[in-house]
Each structure stands twice: as C-alpha cells, then as structure tokens.
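Reading the structure
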Amino acid sequence: MKILVVDDSKLARLTLIKTLKEYEPSAEVYEAENGAIAVELFKSENPRVVFLDLTMPVMDGYEALKLIMQIDPHAQVVVVSADIQTHAQEQVLALGAKLMVPKPINSEKMVGILQQLVF
Amino acid sequence: MQTDEFSSDHLDVLKELMNIAMGNATASIADLLQAFGTMHIPHLTITDMDGLKKYIDEALKYDEKYYVTKQLFGGIIGGEFIFVMTDESAANLGNYLYDVSQPNDADIMDAVIELTNILSSTIISRLTEELKTKVQFFAPSTEIISGNHLIGDEDTLNYHKIIIVSTVMEFQSHKISGQIFILARDETIIRLRELIDQKLEELYA
C-alpha cells in the first residue's frame, strides 16, 4: 500500500512514518517536504493515503489538498497539524480531507486514523 | 473609540487564556518528547521597543548563542511567536528526537523548528478559539544568533506598542528548556482588547 507523507519537517515525517510502520509494516512510503512536491508525487504514485501538514513553504497544505482533491475526488487525505482552530478543521474537511488530527501523532492516534480509513 | 489601554481585568483574562493555551501546548510537547514537562506561569507586559530590548537583555545572556525560531501569524490578531533555546538545549533536543549522540546541525535545526511549530500553533490557535477569532500561520524559520541580536532593526518598524507574553518551558529529564516570547502588533492590541471585552460581556451576561 502506497502512503504519501507531506511535511516540511524531516522530524515530523520520520515520527509519522515510524508510528505508521508499527501498524502497516509493508507500507510503501513516499515523502514530500512541501505541497508542490506532494501534488507531483500524488499524480505519479497515486497513493492510497496522504498525511498532509498545513503550514509549509512553497505550497501550503490547503492549496495541496485542493489540487489533490481535483486530481482524485476520492483521495484519502489525513491532515496532521498543530493548528487546532475550528475554522482550520472546517476548511480542510470542506476541501475534502477525511480527517484532521492534531500533532504530534502517537500510536493511539495512528490506530484511530487507520480505523477510519478505507483500505 | 479605539484604545490600546489594557485594564487589570483585560490582563487577567489574557493571562488566564494564555495559561490554558500553554497547558495544551505542554501536553502536545510532552507527547512528542514522551516526558513530563512544565510551563512556567506566563508573564505579560505591555511595552515599546525600548522596553522589549531591555526585557530581552534581562532574559537572555548577552554573548551566548541561541537557536531562535520565529513564526508569524496573521488575521484579526497578528504578531510573532519567538522560541529561544540555548545551544545545549537544542543539541539535547536533536539528540533525543533523532536518537543519535551527535546530531548534525540540520537535524537540530529541523527538530527546533518542528517543536516551535507545535508550540506556536497550539498556543495561538487555542487562544484564538477562546477569543472566537481565527488566524493563519506562516512557515517558521530558525537562525543561530547571540542574545543581543534577538531583536533586529527591521522589527523596530513593525512594532510600536507590544504585548510580550513570556514563559519558560522545561523538560528536565531531557535537559531541554526554552523561552517563549509572543509579540503582538499595535493593531492587535486594540483587537485583543475588543475580543476580551466580548468575552467578559459573555461571562457577565
């Protein structure tokens, strides 16, 4: 199963991938450090799930989410952000994200996420 | 009439809201570091640029090197979140999070930025939720500078009257600590006062 992890922080990507691999050891993980790279990788690799940060240079998560949903309206995008504002959550859900989860991701949150996605 | 004067009630409300927001942030960082952390009670001051420089001089050592991460936020309220760590604390953070004894500079920088992003986003977004407003966050950036260079000349143009919210975050088991400064722009002080008035009206209704 292909998974795309998008965050400008290498640490955030590593933390998420390490937690993800505890539950999906066979996952084929692709990494992107901004939204523009993420959109390109989404086009070329067609991942099952995208974990997407919001605050990034070059292209932020909102813009990337919009473009990803245009490419595939059924894309499963999980927004992972420390921005816990209600309006941020409403905005990403309106744009088509499946879930929005506060940073940092731990095992408990990952189990919750995986249970809500369709594989 | 628009005014930037804060009464003791305004300061009290803001301090309590910051306490709540910082409690949330401590929990998020504790999750990241898998350790028990403490956040000191925030200290709030309204001052000008000279006052800020004096404040920074007292808070930081003049000739010590610091990792300074700044993140701008904008909207109805806007300003700058600054997180300051000593060299040693930043190295300990990189060491712990990357699980290596000698993390390289890029890894340390990355760890400091991510920690700051979680801190600032959690604190500011919780504050805006309490005040029923919203902000947008911009990508943070880090530089290594000495204590006396924390506030550059370019900042002087942006801030005339400033609210400084400062506190210390400590994770003693990992020897990681840092100082937080939140600088609010002139117009934000007026907006904050109005939002706090609304909050007070709701409380007393």
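Refer to the preceding data block for the structure.
Residues numbered from 1 in each chain as written. Chains lettered and ligands numbered in written order. Predicted model: local features only at pLDDT ≥ 70, side-chain atom pairs only at ≥ 80, totals over all residues. Heavy atoms only, no water.

Quick word on the overall build of chain B
Secondary structure summary: chain B contains six helices and eight strands in total. The helix and strand sequence of chain B, counted from the amino end, reads α-β-β-α-β-β-α-α-β-β-α-β-β-α. The C-alpha atoms of chain B give a radius of gyration of 17 Å, which matches the 17 Å a tight globule of 205 residues would have. In terms of overall dimensions, chain B has C-alpha extents of about 55 × 35 × 25 Å along its principal axes. (Helix = DSSP H or I, 4+ residues; strand = E, 2+ residues; numbered from the N terminus. Rg over C-alpha atoms; globule rule 2.2 N^0.38 Å.)

A look at the nonpolar core
Counting residues in hydrophobic clusters, the biggest one holds 52 residues, and the most contacted among them are Leu119, Ile123 and Ile182 of chain B. For this core, the element with the highest residue contribution is helix α1 (residues 8-33) of chain B, accounting for eleven residues. Grouped together as the second largest cluster of nonpolar side chains are 25 residues, Ala32, Val50, Met56 and Ala97 of chain A included. (Core = buried A, V, L, I, M, F, W, Y, C linked by side-chain atoms within 4.5 Å. Buried < 20%, exposed > 50% of the residue type's maximum accessible area, 1.4 Å probe, protein only.)

Remarks on the pattern of salt bridges
Counted by the stated rule, this structure contains 14 salt bridges over all chains. When salt bridges with common partners are traced through the structure, they connect Asp7, Asp53 and Lys103 of chain A together with Glu114 of chain B into a single cluster. (Salt bridge = Lys/Arg side-chain N within 4 Å of Asp/Glu carboxyl O.)

Side note on the interface of chain B and chain A
With 25 residues of chain B in contact, the opposing surface of chain A contributes 20 residues. Between chain B and chain A, a total of about 1800 Å² is buried, with carbon and sulfur atoms accounting for 56% of that surface. Summed over the three residues of chain B that lose the most area to chain A, namely Asp31, Glu114 and Glu129 of chain B, the buried surface amounts to 25% of that side. Counting the contacts that link chain B with chain A gives two salt bridges. In this structure, the salt-bridge partner of Asp107 of chain B is Lys10 of chain A, at a minimum N-O distance of 2.7 Å. Those elements that place two or more of their residues in the side of chain B that touches chain A are α1, α3 (87-98), α4 (105-130) and β5 (135-137) of chain B. (Contact = heavy atoms within 4.5 Å. Buried area = accessible area lost by both parts, 1.4 Å probe.)

Remarks on the environment of Thr86 of chain B
Residue and element names in this part refer to chain B. Of note, Thr86 is situated in strand β4 (residues 79-86). Of the residues examined, Thr86 reaches a relative accessible area of 23% and is grouped as partly exposed. Once the C-alpha coordinates of Thr86 and Ile118 are considered, the two residues, 32 residues apart in sequence, prove to be 19 Å apart. Excluding residues within four positions of it along the chain, Thr86 makes contact with Glu64, Lys65, Tyr66 and Tyr67.

Considerations on the layout of surface pockets
Its boundaries defined by the atoms lining it, the largest pocket holds a volume of some 540 Å³. Looking at the largest pocket, it is lined by 17 residues, and the ones nearest its centre are Thr15 and Lys18 of chain A together with Leu32, Gln34 and Leu97 of chain B. Among the secondary structure elements, those contributing two or more residues to the lining of the largest pocket are α1 (10-23) of chain A together with α1 and α3 of chain B. At six residues, the largest contribution of residues to the lining of the largest pocket is made by α1 of chain A. A per-class count over the lining of the largest pocket returns eight nonpolar, five polar and four charged. (1 Å grid on protein atoms, 1.4 Å probe; cavity = no way out; pocket = protein on both sides within 12 Å on 5 of 7 lines; lining within 4 Å. Points joined across faces, edges and corners; volume = space filled by probe spheres on them. Nonpolar A, V, L, I, M, F, W, Y, C, P; charged D, E, K, R; others polar.)

Some points on the environment of Gln76 of chain A
Residues and elements named next belong to chain A. With respect to the helices and strands, the residue Gln76 is situated in strand β4 (residues 76-81). In the structure, Gln76 is positioned 15 residues away from Gly61 in sequence and 14 Å away in space, judged by C-alpha atoms. Sequence-distant contacts of Gln76, defined by excluding residues within four places in its chain, comprise Arg48, Val49, Val50, Lys98, Leu117 and Val118.

Points about the packing of α1 of chain A against helix α5 (residues 107-116) of chain A
Residues and elements named next belong to chain A. Relative to each other, α1 and α5 sit at 60 degrees, their axes nearing to 10 Å. The angle between α1 and α5 places the two elements in the oblique class. Relative to α5, α1 is oriented so that their crossing is right-handed. Seen from α1, the contacting residues are Leu16, Thr19, Leu20, Glu22 and Tyr23; seen from α5, they are Ser107, Met110, Val111 and Leu114. Taken together, the residues that form the contact of α1 with α5 break down as six nonpolar, two polar and one charged. (Axes fitted to C-alpha atoms, helices over the stretch in contact; angles between N-to-C directions. Parallel < 35°, antiparallel > 145°, perpendicular 65-115°, else oblique. Left-handed = near helix turned anticlockwise from the far one by under 90°.)

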